[in-house]
Amino acid sequence: MLSPWLGSAAILPFAVCAILTAIGIHDMQQTKHSIRRNYPILANIRFMLEEVRPEIRQYFLESDTDGAPYNRNTRAIAYQRAKHQLDRRPFGTLENVYGDQFEWLAHSITPTHVEHYDFRVPVGGPQCAQPYSLSLFNISAMSFGSLSANAIMALNKGAKLGGFAHDTGEGGYSKYHQANGGDIIWEIGSGYFGCRDEKGHFSPERFAAAAKNPQIKMIEIKLSQGAKPGHGGVLPGAKVSAEIAATRGVPQGVDCVSPAGHSAFSTPTEMVQFIQQLRELSGGKPVGFKLCIGNRWEFAAIVKAMVETGILADFIVIDGKEGGTGAAPLEFTDHVGTPLRDGLVFANNCLVGAGLRDRIRIGASGRIVTAFDIARVLSLGADWCNAARGFMFALGCVQSLSCHTDRCPTGVATQDPRRGAALDVPDKAARVHRFHDSTLQALSELIGAAGLAHPNEIKPSQIMMRTSLSEVKSFADIYTFLQSGELLAGSANKTYADIWAMADAQSFKPA
């Protein structure tokens, strides 16, 4: 008589055969995938491998300098600084220093010692009653809804620990942003979440009630974002939970629409008047706007409206098309919007050429993680930088590229309560703080190597780029820079002169 163990072992092959037979029959009968009908059972291996392809590439095939949107080297430096681990590299660079577009900082024979690295930027022009001392490096716009509740709380607590600012994203000023008291930049998009009436229009009363909260330091009007400029969005009703409904001021269970454009203004002049309205309703806090540069005459028209009305934005954030998002159509991610450096140089030139640059601050966002990333955009005209994905790495993001699936493995970009609960708020908040602190410390070392005393002293001539195997140029040689008031006096630069002539303060259409 066979033992029970031998009996189970004999049954196992028959069970496996039965399961494979059932799979094979199903494959041959289904009509969705022709490859499975032609190659039953075996074709399923193809789908299994495709499912794990990103992980196989990231962990086994890519080199330290390959990978997109962030290579392993960049991710590693964010993880190491967030954990306060050794962030030094042995044996020399892995970069191809003779490759096209390789960049470096020109150092000085007489370096300086920069003792303090808590670099601050005063934001708030002459029309602002409550200016804010902003850190040089802050958390970029990420909404509750895109990120989990624990991720938002960890980011905000990290901002509180480090004394820097946390942008809410257009999803509203949620209770999770409020929980730990970190400084807030309230972003207001076309949906006016948290300050809208029942019809989805801007509500001055609701805005004023929320904006006077002392935790909110600045107000940012979102015109567009780099990853999907000119594209609205819909959060399906099934995902509009009670918490999200309360945060955004929308009905629970009903589709939540973010229009592509604003309803509070339709011309450049109306837009700057809206800026003034928000400044007054908030009690004089700094008010500005964020955009990815598109039609260049439209941005010039806003600048022209500020010149003609005398109403100035306190700050402008330039978002590059290389910026991230939870989900966007491929065509928008790849082929709509101006990259950060080009948009930043253009915006800076418009403000300089109109004689406004000394009264309006410029922030920059778009694939900024390291201290060199910060130094590079500062050299092109930025006053400060924002980062989203860098701080996501500090939270533990592993670039699984599943933000849009609600299956984020680390609990960062998900609304799944079980996955989100795995993210420990105190531990991750400390990592966010350390990442910020270590990055600014690294920036201070770069500044010292260049012989400077402060990041605002970096000039375009100090960032070098290889343009071919035998040619090197500085940013000062690559980009055009206007003189103060040049557009008002009549610029000799035909490109800028033509754009300025096309700009109309009364319309976003070209004159």
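Our subject is the structure that appears above.
The numbers attached to residues start from 1 for each chain and follow its sequence in the written order. pLDDT decides what is reported in this predicted model: residues at 70 or higher carry local features, side-chain atom pairs at 80 or more are listed and counted, and totals for whole chains, interfaces and linings draw on all residues regardless. Heavy atoms from the whole structure form the basis of all side-chain values; hydrogens and water molecules are not counted.

**Student:** Before we go on, may I ask you to explain the packing of helix H4 (residues 72–83) against helix H16 (residues 425–449) in this structure?
**Tutor:** The relative placement of two packed helices is expressed as an angle between their axes plus a distance between the axes. Where H4 meets H16, the closest approach of the two axes is 7 Å, and the angle between their N-to-C directions is 110°. Comparing their axes, H16 and H4 come out roughly perpendicular. When H4 is examined against H16, the residues Ala 78, Arg 81, Ala 82 and Lys 83 are found in contact with a partner set consisting of Ala 430, Arg 431, Arg 434, Phe 435, Ser 438, Thr 439 and Ala 442. For the contact of H4 with H16, the class distribution of residues is 5 nonpolar, 2 polar and 4 charged. The axes used here are C-alpha line fits, helices contributing only the stretch in contact, and every angle between their N-to-C directions lies in the interval 0 to 180 degrees. Comment: elements are numbered from the N terminus, with helices defined as DSSP H or I runs of at least four residues and strands as E runs of at least two. Convention used here: angles under 35 degrees read as roughly parallel, angles over 145 as roughly antiparallel, angles from 65 to 115 as roughly perpendicular, and any remaining angle as oblique. Here a residue-residue contact requires only that any non-hydrogen atoms of the pair lie within 4.5 Å. Three classes are used, and their members are as follows: Ala, Val, Leu, Ile, Met, Phe, Trp, Tyr, Cys and Pro are nonpolar, Asp, Glu, Lys and Arg are charged, and the others, Gly among them, are polar.

**Student:** What is the right way to look at the pairing of strand E6 (residues 183–188) in this model?
**Tutor:** Note on strand geometry: in a regular strand, side chains alternate between the two faces of the sheet. Only protein chains enter the accessibility calculation, which uses a 1.4 Å probe; a residue is then buried when its area is under 20% of its type maximum, exposed when over 50%, and partly exposed in between. Counting buried residues in E6 gives 5 out of 6 residues, a clear majority hidden from the surface. Strand pairing requires that DSSP identify at least two bridges connecting the strands. Pairing analysis gives 3 bridges linking strand E5 (residues 165–167) to E6, with the strands arranged parallel. Looking at E6, one finds that Asp 167 is bridged to Ile 185. Pairing analysis gives 5 bridges linking E6 to strand E7 (residues 216–222), with the strands arranged parallel. Within E7, the position partnered with Ile 184 by the bridge is Ile 216.

**Student:** Sorry, what's going on with unusual backbone geometry here?
**Tutor:** For residues besides glycine, phi is generally negative; the peptide bonds are generally trans as well. Even without a glycine there, the phi angle at His 84 is positive, about 60°. You can see His 84 is positioned in the loop between H4 and strand E1 (103–105). Its relative accessible area of 53% is what places His 84 among the exposed residues.

**Student:** What's the story with a nonpolar patch on the surface in this structure? I'm lost.
**Tutor:** A residue counts toward a patch only above 30% relative accessible area and without a salt bridge, and it is joined to like-charged neighbours within 9 Å or, for Val, Leu, Ile, Met, Phe, Trp and Tyr, to nonpolar neighbours within 5 Å. Calculation of accessible area relied on Shrake-Rupley with a 1.4 Å probe; when residues are assessed, cover is drawn exclusively from the protein chains displayed. Salt bridges are defined by distance alone: a side-chain nitrogen of Lys or Arg within 4 Å of a carboxyl oxygen of Asp or Glu. Together, Ile 35, Tyr 39, Leu 42, Ile 45, Leu 49, Val 52, Ile 56, Tyr 59, Phe 60 and Leu 61 make up an exposed nonpolar region whose accessible area comes to about 1100 Å². In terms of residue count, helix H3 (residues 43–61) provides more of the nonpolar patch than any other element does, 7 residues in total. Here Ile 35 lies in helix H2 (residues 34–38). Ile 35 sits in the partly exposed class, given a relative accessible area of 35%.

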